[in-house]
Amino acid sequence: ETQNINKSLSSLASVFAAKAEKQSHIPFRNSKLTHLMEPCLSGQGKTLMLVNVGPEASNAHETLCSLRFAGQVSQCDTGGKPKRTAKAIVGSCKSSRPNSAGPGSAASIKRMK
């Protein structure tokens, strides 16, 4: 079972690599997992990558592998909405922050006109 999981994840990595490099052929049929996920990874769905990392030294190898895989996935464009990065989210929060002027101030009244 572990070998099948690793084969599927390897095939998924190949799909993400091909999409990141904008290759004309994307190897969706290399595994059942990637074949089933083809609609989701072809711009017809949203993609979210969650990475489970462990702080213990015994988990270091698996954590590193997971982070490398996530880095590879982040370079991929699935054709959906533009990526929202942490930096973009923080920037949008700052720009939507209300003015520090109170509701009765001159600046607030000018905005209402």
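About the criteria used
- Residues numbered from 1 in each chain as written.
- Predicted model: local features only at pLDDT ≥ 70, side-chain atom pairs only at ≥ 80, totals over all residues.
- Heavy atoms only, no water.
- Helix = DSSP H or I, 4+ residues; strand = E, 2+ residues; numbered from the N terminus.
- Buried < 20%, exposed > 50% of the residue type's maximum accessible area, 1.4 Å probe, protein only.
- Phe/Tyr/Trp six-rings, centres within 6.5 Å; stacked < 30°, edge-to-face > 60°.
- Axes fitted to C-alpha atoms, helices over the stretch in contact; angles between N-to-C directions.
- Left-handed = near helix turned anticlockwise from the far one by under 90°.
- Contact = heavy atoms within 4.5 Å.
- Nonpolar A, V, L, I, M, F, W, Y, C, P; charged D, E, K, R; others polar.
- pLDDT = per-residue confidence, 0-100.
- Patch = residues over 30% accessible without salt bridge, like charges linked within 9 Å, V, L, I, M, F, W, Y side chains within 5 Å.
- Areas by Shrake-Rupley, 256 points an atom, 1.4 Å probe, with all protein chains shown as cover.
- Salt bridge = Lys/Arg side-chain N within 4 Å of Asp/Glu carboxyl O.

### Concerning the environment of Leu64
Then comes step 1: Within the element layout of this structure, Leu64 appears in helix 3 (residues 60-74).
Then comes step 2: Owing to a relative accessible area of 43%, Leu64 belongs among the partly exposed residues under this scheme.

### Some points on the packing of aromatic side chains
Then comes step 1: The tally for this structure, following the rule as stated, stands at one aromatic pair.
Then comes step 2: Consider the rings of Phe16 and Phe69, whose centres lie 6.2 Å apart with planes at 75°: the pair is edge-to-face. Of this pair, Phe16 sits in helix 1 (residues 2-20) while Phe69 sits in helix 3; the two residues are 53 residues apart in sequence, bridging distant segments of the chain.

### Points about unusual backbone geometry
Then comes step 1: Here Lys22, not a glycine, exhibits a phi torsion of approximately 55°, which is positive.
Then comes step 2: Tracing the chain through its elements places Lys22 in the loop between helix 1 and helix 2 (32-44).
Then comes step 3: Exposure remark for Lys22: the relative accessible area of 65% places this residue in the exposed category.

### Re the packing of helix 1 against helix 3
Then comes step 1: Where helix 1 contacts helix 3, the two axes come as close as 8 Å, and the packing angle between them is 35°. The element helix 1 and its partner helix 3 pack so that their crossing is left-handed. Residue-level contacts link Leu9, Leu12, Ala13, Phe16 and Ala17 of helix 1 to Phe69, Gln72 and Val73 of helix 3.
Then comes step 2: For the contact of helix 1 with helix 3, the residue count by class is seven nonpolar, one polar and no charged.

### Some remarks on the confidence of the model for the protein
Then comes step 1: Residues at a pLDDT of 70 or more form 67% of the protein, whose mean pLDDT is 76.
Then comes step 2: Within the protein, the element-level pLDDT minimum falls on helix 5 (residues 106-112), averaging 46, and the maximum on helix 1, averaging 87.
Then comes step 3: Counted against residues more than four places away or in other chains, residues 104-113, with its pLDDT under 50, gives seven contacts.

### Side note on a nonpolar patch on the surface
Then comes step 1: Nonpolar side chains collect at one region of the surface, where Met49, Val51, Val53 and Leu67 lie side by side and expose about 300 Å² of accessible area between them.
Then comes step 2: Mapped onto the secondary structure, Leu67 falls in helix 3.
Then comes step 3: Overall, the relative accessible area of 48% leaves Leu67 in the partly exposed class.

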